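Structural description and commentary
Each chain, written out:
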Amino acid sequence: MPPISVLMKPSSGMCNMKCDYCFYCDETQKRIQESYGFMSEQTLKNVVRKTMLRAEGAVSYAFQGGEPTLRGLEFFEKVVAFEKQYNKNGIRVNNALQTNGYLIDEAWCRFFKENHFLVGLSVDGTKEIHDTYRHSKNGGPTFDRVCHAAELMDTYGVEYNILTVVNQKVASEIAKIYEFYKKQGWHYQQYIACLDPLEEAHGENEYALEPKQYGRFLIELFELWYADWKNGTQPYIRQFENYVGILLGYQPEACDQRGICVETVSRAKSKQAAKNTKPFRPRQGEITHNLFARPRQGKKQPVFSVKQRVENAGCFFASHSVWKVNVFFCLLQHRYHPANNPTGSY
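Residues numbered from 1 in each chain as written. Predicted model: local features only at pLDDT ≥ 70, side-chain atom pairs only at ≥ 80, totals over all residues. Heavy atoms only, no water.

**Some points on the overall build of the protein**
The line we're drawing: Here a helix means four or more residues in a row that DSSP labels H or I, a strand means two or more in a row labelled E, and each is numbered from the N terminus. Between buried and exposed lies partly exposed: a residue is buried under 20% and exposed over 50% of the maximum accessible area for its type, with that area taken using a 1.4 Å probe on protein chains only. Surface exposure here means Shrake-Rupley accessible area, sampled with a 1.4 Å probe, where a residue is shielded only by the protein chains that are shown.
Along the protein, the regular secondary structure elements total twelve helices and ten strands. In the protein, which comprises 346 residues, the proportion classed as buried is 44%. Within the structure as shown, the protein displays about 18,400 Å² of accessible surface, and the carbon and sulfur contribution to it stands at 52%.

Structure (structure tokens):
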């Protein structure tokens, strides 16, 4: 079996913040039972044991939420202990955790550094923009506390990147945000589009993007990035690195651009893995009993062209938002086409 990647949500949809655009806040309220609690240590043990004994070369564990740090530092110490216990074949182990930063303190930072965790920290631009939609449970601001988490990780030498949700305010202020991130020393960045909820009327949420607005955002961000690239000072921006890599013939690391759809996913939550009221039908098996034992026969997985990969058109989960990338490339082609740029200045 090749290297294995595992996504775990040890706190399910539970969170200690309340962001206006968070789909989990809405989805958990639509479930028959809103929450089934935290992942047990026994489930964790089974996940680590079964995946590590099957993987070849490497295994990667990513922890998301909800907010995974709600499960507590002791749980993640168990993660590392189980990885050491069951790494019988001496394979490489990668750990990553996405957090809102609200609980990050010195103890967490020491743990991340000592155990080589890669951390994703959610920040939505400047203080004014961030605090507009990302609130504490009682509706208070969160920006200063999140920035303090970043400062602590800098102090302890933790590897981390910034994940920004591109809402309308972020899109319209990206030049200011880009400069702010540079001043903060945040050289590793990811941006994800904030869209209207699926199967709901579009244009009713003030934070959700319109197609042309997102296209203009990508163009503006690309030009800022490209100007720094010419000076050798550009930040790592995941989308652009993958687009350029694809065009140069390299395999992208983003799952929605690899060209082969990995439809089979094992999601380890507490008990209920579905994000709605429909029952979860695992493709590989229930984690604690028959993971890898009797895989179901799925549909033949499609292989996508370079054009589809660049346009983000191949991923089932991204297909509803193909417009946003198509708009980006249409505008980019218009911006840099020789007929529209006779001087050749970029």
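**Thoughts on the packing of aromatic side chains**
Stated formally: Any pair of Phe, Tyr and Trp rings, taking the six-membered ring for Trp, is counted once the centres come within 6.5 Å. Such a pair is stacked with planes under 30 degrees apart, edge-to-face with planes over 60 apart, and tilted for the rest. Our definition puts a charge over a ring when NZ of Lys or CZ of Arg is within 6 Å of the ring centre and also within 35 degrees of the ring normal.
Tallying each qualifying case throughout the model produces 23 aromatic pairs. Plain terms: the ring middles of Y188 and Y236 are 6.0 Å apart, the flat faces sit at 35° to each other, and that makes the pair tilted. Of this pair, Y188 sits in strand 8 (residues 188-193) while Y236 sits in strand 9 (residues 236-237), placing them 48 residues apart in sequence. For Y236, a relative accessible area of 30% corresponds to the partly exposed category. Through a chain of ring-to-ring contacts, the aromatic side chains of F63, F75, F76, W108, F111, F112 and F117 assemble into a single cluster. In this arrangement the basic side chain of R145 is found over the ring face of Y102, its NZ or CZ atom lying 3.8 Å from the centre.

**Side note on the packing of helix 3 (residues 73-86) against helix 4 (residues 106-114)**
Basically, it comes down to this: Note on geometry: axes are lines fitted to C-alpha atoms, helical ones only across the stretch in contact, with angles between N-to-C directions running from 0 to 180 degrees. Roughly parallel refers to an angle under 35 degrees, roughly antiparallel to one over 145, roughly perpendicular to one between 65 and 115, and oblique to any angle outside these ranges. When checking whether two residues touch, look at their non-hydrogen atoms; a contact exists if any pair is within 4.5 Å. All residues other than Ala, Val, Leu, Ile, Met, Phe, Trp, Tyr, Cys, Pro, Asp, Glu, Lys and Arg, Gly among them, are scored as polar; the first ten of these are nonpolar and the last four charged.
Where helix 3 contacts helix 4, the two axes come as close as 11 Å, and the packing angle between them is 10°. As the angle between them shows, helix 3 and helix 4 are arranged roughly parallel. Contacts from L73, F76, E77 and V80 in helix 3 reach A107, W108 and F111 in helix 4. Of the residues assigned to the contact of helix 3 with helix 4, the class counts are six nonpolar, no polar and one charged.

**What about a nonpolar patch on the surface?**
So the rule is basically this: Patches in this entry comprise residues that are over 30% relatively accessible and not in a salt bridge; like charges within 9 Å are linked, as are nonpolar side chains (Val, Leu, Ile, Met, Phe, Trp, Tyr) within 5 Å. By definition, a salt bridge exists where a carboxyl oxygen of Asp or Glu is found within 4 Å of a side-chain nitrogen of Lys or Arg.
Nonpolar side chains collect at one region of the surface, where V244, L248 and Y250 lie side by side and expose about 340 Å² of accessible area between them. Note that L248 resides in the loop between helix 10 (238-247) and strand 10 (267-268). Here L248 falls in the exposed class, since its relative accessible area comes to 61%.

**Side note on unusual backbone geometry**
Note the cis peptide between G65 and G66, where omega equals 10°. Inspection of the secondary structure puts G66 in the loop between strand 3 (58-63) and helix 3. The backbone of S12 sits at a positive phi, close to 50°, despite the residue not being glycine. Structurally, the position occupied by S12 is in the loop between strand 1 (4-8) and strand 2 (17-19). Its identity is not glycine, yet H116 carries a phi of approximately 60°, on the positive side. Mapped onto the elements, H116 comes out in the loop between helix 4 and strand 5 (117-122).

**Observations concerning the nonpolar core**
The tendency in soluble globular proteins is for nonpolar side chains to be buried as a group. So the rule is basically this: Definition used in this section: a nonpolar core is a set of buried Ala, Val, Leu, Ile, Met, Phe, Trp, Tyr and Cys residues joined via side-chain atoms within 4.5 Å.
Within the largest apolar cluster, 59 residues are counted, with the highest numbers of intra-cluster contacts made by F76, F112 and F217. No other element matches helix 6 (residues 143-156), which puts seven residues into this core.

**Points about the packing of helix 2 (residues 41-54) against helix 3**
For any two helices packed against each other, one specifies the inter-axial angle together with the distance between the axes. Inclusion rule: Crossing handedness is defined as follows: a turn of the near helix away from the far one that is anticlockwise and smaller than a right angle gives a left-handed crossing, while the clockwise case is right-handed.
The interhelical angle for the contact between helix 2 and helix 3, taken along N-to-C directions, is 35°, at an axis separation of 9 Å. Viewed along their axes, helix 2 and helix 3 form a crossing whose handedness is right-handed. Together, E41, L44, K45, V48, R49, M52 and L53 of helix 2 and F75, K78, V79, F82, E83 and Y86 of helix 3 make up the contact between the two elements. For the contact of helix 2 with helix 3, a count of residues per class yields eight nonpolar, no polar and five charged.

**Digging into the pattern of salt bridges**
Within the structure shown, the criterion is met by seven salt bridges. One salt bridge connects D131 with K127, and the closest N-O pair in it is separated by 3.5 Å. Of this pair, D131 and K127 both sit in helix 5 (residues 127-133), four residues apart, which is roughly one turn of that helix. What makes D131 buried here is its relative accessible area of 17%. A residue is classified by how much of its surface remains accessible, and K127, at 37% relative accessible area, is partly exposed. A single salt-bridge network, built from bridges that share partners, covers K127, D131 and D144.

**Digging into helix 2**
The periodicity of an α-helix, 3.6 residues per turn, causes residues three or four positions apart to be oriented the same way. What counts is decided by this rule: For a helix, the expected span equals 1.5 Å multiplied by the residue count minus one.
The end-to-end C-alpha distance of helix 2, which contains 14 residues, comes to 20 Å, matching closely the 20 Å that a straight helix rising 1.5 Å per residue would cover. Of the positions making up helix 2, those classed as buried are T43, L44, N46, V47, V48, K50, T51 and M52.

**Brief notes about the pairing of strand 8**
The cut-off we apply is this: Strand pairing requires that DSSP identify at least two bridges connecting the strands.
Bridge count for strand 7 (residues 159-166) against strand 8 is five bridges, and the pairing is parallel. Looking across to strand 8, one finds that L163 is bridged to Q190. One ladder, built from two bridges, connects strand 8 with strand 9; its direction is parallel. Its bridge partner lying in strand 9, Y188 is registered against Y236.

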